[in-house]
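What the coordinates show
Residue strings, one per chain:
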Amino acid sequence: MENSKVLFEKSLEKIPGGVNSPVRAFGSVGGSPLFIKSANADHIYDVDGNEFIDYVCSWGPGILGHAHPQVIEAVKKACVDGLTFGAPTKKELELAELITDAMPSIEKVRLVNSGTEATMSAIRTARGYTGRDMIIKFRGNYHGHSDGLLVKAGSAALTTAVPDSAGVPASYTQNTLVAEYNNEDSVRELMEQYGENVAAIIVEPVAANMGVVPPKEGFLKFLRDITLKYGTVLIFDEVITGFRLKFGGAQEYFGVKPDMTTLGKIVGGGMPIAAYGGKKEIMDRVSPTGPVYQAGTLSGNPIATTAGIETLKILKAHPEYYKQIDESAKKLADAYRKMAKEKNIPLHVNQIGSLLSAFQTGEVVDDYDSALTSDTNAYTEYFWKMLDNGIYVAPAQFEAMFVSVAHTKEDIERTCEVISL
Ligand SMILES: *Cc1c(COP(=O)(O)O)cnc(C)c1O
């Protein structure tokens, strides 16, 4: 019998950990991951014949739900015309126009294949533009797996970060400084000491890789002001928030304009596309106009670009979708709070737009340290309860729950019932 367990065991022999991205292995909740056969709208089907309401949504891209008919039709049609040309296409222009329209801070944009590439390239560009080497990132923010970003904070005696992965030489992270998310003083101190050498501050405007932690009132504006003061490039990593919080992303939601933006996930409509862009004068430093090298054989691939274009066109045509997914997420957040009250367990729920996280802790979760106080064993129990009742949520505490347009009222209600169990 071909079931998830057997496929996982076989995969373990051929693929490290049996998976092509670590979180899929169910490492933090134990057990064996589900192998997925197909998905439609807000439902996902495993090879064992089970059906789930899906709140992972491929970790963010699935804002329209799975296999949206308009996207699938367009992709099918595009395939017939050829899979890749390695030459410019009108579609790349079309997607670039949709992106720059949605986010006016992006005057020029370059398409790449993953969020990792987008942040790596944005940082290289910011360095090339400023002629500076250092960058500041925030503890608990995730920007993909390029060497200089895989860091943990150094000890108090060390200001620069140390590698958080084997295989990353210490020399690759010595220009990365680590500040505390939602802590203005930690940024101010680093900038007072190193500001003249800091090329960029990169931030998830809403942290969504430590669980969901929205920025404190004024935090993003503070980052805008201090980067302007020091001539540092402000990069919003909107790989999750772009086209999700609003069509114009977190920068529209909070009204703060970064110099550069990275996009991924939704921008590819479920296919491997990401992007980085920003002010003309910065982006013109990128080759072939400028000296900052960056390239890609499959960048702007016509099939992936088609999926991105269709997805963005649908979102643009339906501004009411944002209200709908926000309301769905609010209902879920309320269900968590009600359950916690009834069962008398400490729980902190963060919800913003269609992103939410429930942390089992008595603390207010507004930074990385408070997020870490949540009871991950309790999360494991919760995860299996949800799964046993037909709800697929992230197999790890420090991830977001993603709500899509395809989540029906009935499915949201059903989910609320399971939460209350
Ligand atoms: C997912 C993610 C990335 C990395 O994108 P990949 O496509 O997985 O390389 C970067 N930044 C943020 C904020 C993300 O959530």
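Residues numbered from 1 in each chain as written. Predicted model: local features only at pLDDT ≥ 70, side-chain atom pairs only at ≥ 80, totals over all residues. Heavy atoms only, no water.

As recorded by an unreviewed UniProt entry, the protein chain carries the name Glutamate-1-semialdehyde 2,1-aminomutase and is attributed to Butyribacter intestini. The record in UniProt for the protein chain states the following under Cofactor (unreviewed entry): "pyridoxal 5'-phosphate". (UniProt positions renumbered as here; feature names shortened; annotations may be inferred.)

1. Concerning the overall build of the protein chain
For the protein chain, the helix and strand inventory stands at 14 helices and 16 strands. Relative to the globule expectation of 22 Å for 421 residues, the C-alpha radius of gyration of the protein chain, 21 Å, shows essentially globular dimensions. Summarising its shape, the C-alpha atoms of the protein chain cover approximately 55 × 55 × 45 Å along the three principal directions. Relative to its 421 residues, the protein chain shows a buried fraction of 54%. Restricting the contact set of the protein chain to residue pairs at least 6 apart, pairs at least 24 apart contribute 70%. One way to put it: in the protein chain the 41 positive side-chain charges average out to a point 3 Å from where the 52 negative ones average out. (Helix = DSSP H or I, 4+ residues; strand = E, 2+ residues; numbered from the N terminus. Rg over C-alpha atoms; globule rule 2.2 N^0.38 Å. Buried < 20%, exposed > 50% of the residue type's maximum accessible area, 1.4 Å probe, protein only. Contact = heavy atoms within 4.5 Å. Lys, Arg positive; Asp, Glu negative; His and termini not counted. Charge placed at Lys NZ, Arg CZ, Asp CG, Glu CD.)

2. Topic: the site of the ligand
Near the ligand the following residues occur: Ser 114, Gly 115, Thr 116, Tyr 142, His 143, Gly 144, Glu 204, Asn 209, Asp 237, Val 239, Ile 240 and Lys 265. A distance of 2.6 Å separates an oxygen atom of the ligand from a polar atom in the side chain of Thr 116. Between the ligand and the protein, one listed contact pairs an oxygen atom with a side-chain N or O atom of Lys 265 at 2.6 Å. In the complex, 82% of the free accessible area of the ligand, which totals 380 Å², lies under the protein chains. By residue class, the composition of the shell around the ligand is three nonpolar, six polar and three charged. (Near = heavy atom within 4 Å. Polar contact = N/O pair within 3.5 Å; in protein donor to acceptor, adjacent residues only side chain to side chain. Areas by Shrake-Rupley, 256 points an atom, 1.4 Å probe, with all protein chains shown as cover. Nonpolar A, V, L, I, M, F, W, Y, C, P; charged D, E, K, R; others polar.)

3. Structural notes on the sheet that holds strand 3 (residues 51-54)
Strand order in the open sheet made by the four strands is 1-2-3-15, with mixed pairing throughout. With partners counted over all chains shown, the strands left at the sheet margins are strand 1 (36-40) and strand 15 (391-392), one partner each. Note: strand 1 against strand 2 (residues 43-46), four bridges, orientation antiparallel. Within the sheet, the bridge partner assigned to Ala 39 lies in strand 2 and is Ile 44. (Pairing = 2+ DSSP bridges.)

4. Digging into helix 1 (residues 4-14)
By the burial criterion, the buried members of helix 1 are Ser 4, Leu 7, Phe 8 and Ser 11. Burial along helix 1 is one-sided: seen end-on, the buried residues are contained in an arc of 100°. Summarising the geometry of helix 1, the exposed residues directed more than 90 degrees from the buried face are Lys 5, Glu 9, Lys 10 and Glu 13. Put simply, Asn 3 is the residue that caps the front of helix 1, since its side-chain oxygen is 3.1 Å from the backbone nitrogen of Lys 5. (Arc of directions from axis to C-beta.)

5. A closer look at the sheet that holds strand 5 (residues 134-138)
Ordered in space as 4-12-11-10-9-5-8, the seven strands form an open sheet in which the pairing is mixed. Because the sheet does not close on itself, it has two edges, and the strands there are strand 4 (108-112) and strand 8 (176-179). For this sheet, the mean angle separating the axes of adjacent strands, direction not counted, is 20°. (Axes fitted to C-alpha atoms, helices over the stretch in contact; angles between N-to-C directions.)

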